Amino acid sequence: MADVVIMPKLGFNMNEGKLVEWYKSEGDTIAKGEPLFSVETDKTNMDIEATGDGTVRKLLIAEGDQIPVTLPIAIVADPEENIDAVLADALAQLGEHGPGADSGAAATGETTQAEAAQSAESTAADGKSYDYDIAVLGGGPGGYVAAIKAAQMGKKTVIVEKEHFGGTCLNVGCIPTKALLRSAEALKEVKESAAFGVMDVDVSKAALDLKKVQARKQTVVGQLVGGVQSLLKGNGVTIENGEGTLKDAHTIVVSGKTVTAENIIIATGSDVKSLPITIDPKAKVLTSKEMLDIAEKPDSMVVIGGGVIGIEFAYFLATIGVKVSVVEFLDRILPMVDEEITTQVTGHLSEMGIDIYTSAKVTEITAEGVKFEKDGAIQEVKADQVLMAVGRKPSLTGIDTEALGIKTERGAIVTDQTLKTSVDHVYAIGDVNGKAMLAHTASMEGIIAVETICGKKVSMDYDKIPSAIYVQPEIASVGLTEKQAAEKYGKVNVGKFPLLANGKAKVAGEERGLVKVITEPKYGEIVGVHMYCIHATDMIAEAVAAMKLESTAEEIAMAVHPHPTVSEVMHEAMHAAGGRAIHF
């Protein structure tokens, strides 16, 4: 019997779906569970699988078409089956959305604000004509957000990207790292399943197939990258693929083509750092980029650098059974994190079997391992491989800052609170300005830069940017540490609540960690929140919102939090900052 495939409703508020790609053509056979097509949903593309075996007899809409949910889009049937009646009914349901019909704004002759802006050359306030109002150089989380925002605000916009949209974050950073960590957590859950009553599972043989882990990672990344490109096109942004070179304050050359714009936003991101040390050619040294593609588990690895990148990878490797050593130049790992939390995290990592060497200056990478100076003596840690995780540096490829007159400090482009550079009409967002190398910072900077160009009075607030570290339990923070707050305000109020007193954490089997709230003494306003607990990276947004609204600990303590949830630790810590927690 013929199977009529419909545009799926993939969310409560989804009324229309956009078909991104057909994976099968008419006449192709398809098996149940095979991907048939992909649909654009918000920030990603979702593959939709066939619900039965058969032959694709008719595709009713084309790639790029957008139609209401539940309308028919294809017919799958046996190759000899007569589908005339089914096809006629499907076409009747489609009506104006059927083959050859235009839909949406095109069908009514309407144009969006962004489309209208794209239709003609831009005339600037200085009387000169440019190809675009805004040109964005780089398609990472800062660049693509800036481009979409610009188009939404009616600006004729072009974005130049040399490789993959999503930048470091989507392709070789945030997303792929978390995909690996999720697989490691799945392995950890299997190994600990007996504690939750799971029977007859031989956990002694449990391990990760890193090739399958890599395949899953690539699927996740591919869907998100495709989603970004669809969002750009859907908002009317012109895409120029190729490496761009900034020639002056209004001109970018990309693949031999000259593009001009009244305003230019530089969003070229960052590159991995290395250390100026001797490295034996026989040594197998990886950067975070190569580490993300690891397909075979080494027996041992030395991680140079105890920052976020180094510690996340150290946790991943130790979880899957690699012997890990971390060598950190400073006197503690995760130096940006509140000291009390760092102490707890260090203890946890040590319990996992990770050797941590702090106040250690790496001097050489040998064929056998890493040599470093500590306490006045040279020590060596042997390992099969070495991960260089000493941070990232701004990427200025294609930008001759000296010739252009763009001011830099320590290799980063200098910007003000509105992301303006020292050159009029040129802005710099994301890692390239070196202020806070975080994807969400770049995205907000992109929005602030565009709104500034459009005449709005806005500015970045770098004091309230959250950070997140994805070990387990997770680490998340915003604002001042206890030490920083004491230096600024003198006596401060500190409220703490341990996870061991939270019911949901106890149920989850992860009672490690605490939440710490810091308030200034005069009004009780929240100036810092630090979390080391499960779901910390999801819950820190409440603290960011509270600080943005200049809330006091008392106000958040009196906001009802659902029970049982881990989020209750937040209002308990707020109670503690005001005098005393209820449940501890």
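Look up: the structure comes first, before these words.
Summarised in this report is the structure supplied together with it. Everything numeric here is computed off the predicted structure, so don't read it as measured data. Every residue gets a number counted from 1 within its own chain, in the order that chain's sequence is written. Side-chain atom pairs in this predicted model are given and counted only at pLDDT of 80 or more, local residue features only at pLDDT of at least 70, and totals for whole chains, interfaces and linings cover all residues. Heavy atoms from the whole structure form the basis of all side-chain values; hydrogens and water molecules are not counted.

## As for the overall build of the protein chain
Strands here are runs of E lasting at least two residues and helices are runs of H or I lasting at least four, both read from the DSSP assignment and numbered beginning at the N terminus. The secondary structure content of the protein chain amounts to 17 helices and 35 strands. For a compact globule of 584 residues, the expected C-alpha radius of gyration is about 25 Å, and the protein chain comes in at 27 Å, within 12% of that figure. Principal-axis analysis of the C-alpha atoms places the extent of the protein chain at approximately 80 × 70 × 60 Å. Only protein chains enter the area calculation, which uses a 1.4 Å probe; residues under 20% of their type maximum are buried, those over 50% are exposed, and those in between are partly exposed. In the protein chain, which comprises 584 residues, the proportion classed as buried is 49%. Counting contacts in the protein chain only where the partners sit at least 6 residues apart, residues at least 24 apart contribute 62% of the total. Think of it this way: Lys and Arg go in the positive column, Asp and Glu in the negative one, and His and the chain ends go nowhere. Think of each charge as sitting on NZ of Lys, CZ of Arg, CG of Asp or CD of Glu. Within the protein chain, the 82 negative side-chain charges are centred at a point lying 6 Å from the centre of the 55 positive side-chain charges. As a reference, a globule follows 2.2 Å times the number of residues to the power 0.38, and the radius of gyration itself is taken over C-alpha atoms. A contact between two residues is defined here by any heavy atoms of the two lying within 4.5 Å.

## Looking at the layout of surface pockets
For each structure, a 1 Å grid was placed over the protein atoms alone; sets of points admitting a 1.4 Å probe that cannot get out are labelled cavities, open sets with protein on both sides within 12 Å along at least five of seven lines are labelled pockets, and lining residues have an atom within 4 Å of a point. Grid points are joined across faces, edges and corners, and a volume is the space filled by probe spheres set on the points. Put simply, the second largest pocket is a space of about 660 Å³. Elements with a contribution of two residues or more to the lining of the second largest pocket: α6 (174–191), α7 (210–234), α14 (503–508) and α15 (536–548). Looking at which element gives the most residues to the lining of the second largest pocket, the answer is α6, with seven residues. Gly is put with the polar residues, along with every residue not named as nonpolar or charged; the nonpolar set is Ala, Val, Leu, Ile, Met, Phe, Trp, Tyr, Cys and Pro, and the charged set is Asp, Glu, Lys and Arg. Tallied by class, the residues present in the lining of the second largest pocket amount to nine nonpolar, four polar and eleven charged.

## Some words on the sheet that holds strand β24 (residues 369–374)
Here, any two strands with at least 2 DSSP bridges between them count as paired. On the basis of which strands lie adjacent, the open sheet formed by four strands has the order β18-β23-β24-β25 and mixed pairing. Either end of the sheet is taken by a strand with one partner, and the two such strands are β18 (278–279) and β25 (377–382). By the bridge criterion, two bridges tie β18 to strand β23 (residues 361–365) in an arrangement that is parallel. Bridge pairing in β23 links I279 to I365.

## Digging into the environment of K9
Among the secondary structure elements, K9 is positioned in the loop between β1 (3–6) and β2 (16–22). Note: C-alpha distance between K9 and P68 (59 residues apart in sequence) is 8.9 Å. Residues contacting K9, with those up to four places away along its chain left out, are M14, N15 and V69.

## Describing the pattern of salt bridges
Note on definitions: salt bridges are taken to be side-chain nitrogens of Lys or Arg within 4 Å of carboxyl oxygens of Asp or Glu. In this structure the tally under the stated criterion is 17 salt bridges. Between K217 and D293 there is a salt bridge, with the nearest N and O atoms lying 2.9 Å from each other. On the criterion of sequence distance, the pair formed by K217 in helix α7 and D293 in the loop between α8 (288–291) and β20 (300–304) is long-range, its members being 76 residues apart. Residue E510 pairs with R512 through a salt bridge whose shortest N-O separation is 4.0 Å. The exposure class assigned to E510 is buried, which follows from its relative accessible area of 14%. Here the salt bridges do not stand alone but share partners, grouping D338, E340, E482, K496 and K516 into one network.

## Description of the sheet that holds strand β26 (residues 385–388)
A sheet is described by the order of its strands in space; here five strands give the open sequence β19-β26-β20-β21-β22, paired in parallel fashion. Edge positions in the open sheet fall to β19 (285–287) and β22 (355–357), since each of these has one partner strand only. Across the sheet, the mean angle separating the axes of adjacent strands is 20° when strand polarity is ignored. For β20 and β26, the ladder comprises four bridges, and the chain directions are parallel. Note on definitions: angles span 0 to 180 degrees between N-to-C directions of axes, and those axes are lines fitted to C-alpha atoms, for helices only across the stretch in contact.

## Things to note about the packing of helix α4 (residues 143–152) against helix α12 (residues 439–453)
One can describe the packing of α4 onto α12 by two numbers: an axis separation of 8 Å at closest approach and a directional angle of 35°. For α4 against α12, the interelement crossing comes out right-handed. In this structure, α4 contributes V145, A146, K149 and A150 to the contact, and α12 contributes S443, G446, I447, V450 and E451. A class-by-class count of the residues in the contact of α4 with α12 yields five nonpolar, two polar and two charged. Throughout, a crossing is termed right-handed when the near helix is turned clockwise from the far one, and left-handed when it is turned anticlockwise from it by less than a right angle.

## Details of the environment of A74
Mapping A74 onto the fold places it in strand β8 (residues 72–77). Excluding its chain neighbours within four sequence positions, the residues that come into contact with A74 are D3, V4, V5, W22, K58, L59 and L60.

## Topic: a nonpolar patch on the surface
A cluster of nonpolar side chains, contributed by V190, F196, V198 and V201, occupies part of the molecular surface with about 330 Å² of accessible area. Structurally, V190 can be placed in helix α6. Judged by its relative accessible area of 37%, V190 falls in the partly exposed class. Only residues above 30% relative accessible area that lack a salt bridge enter a patch, with like-charged residues linked at up to 9 Å and the nonpolar side chains Val, Leu, Ile, Met, Phe, Trp and Tyr linked at up to 5 Å. Under the convention used here, a 1.4 Å probe and the Shrake-Rupley method define accessible areas, while residue burial counts only the protein chains that appear.

## Things to note about empty space enclosed by the protein
All chains considered together, the criterion is met by one cavity of 30 Å³ or more. Empty space within the largest cavity amounts to approximately 30 Å³. Forming the boundary of the largest cavity are V272, K273, S288, I309, M388, A389, G391 and R392. A per-class count over the lining of the largest cavity returns four nonpolar, two polar and two charged.

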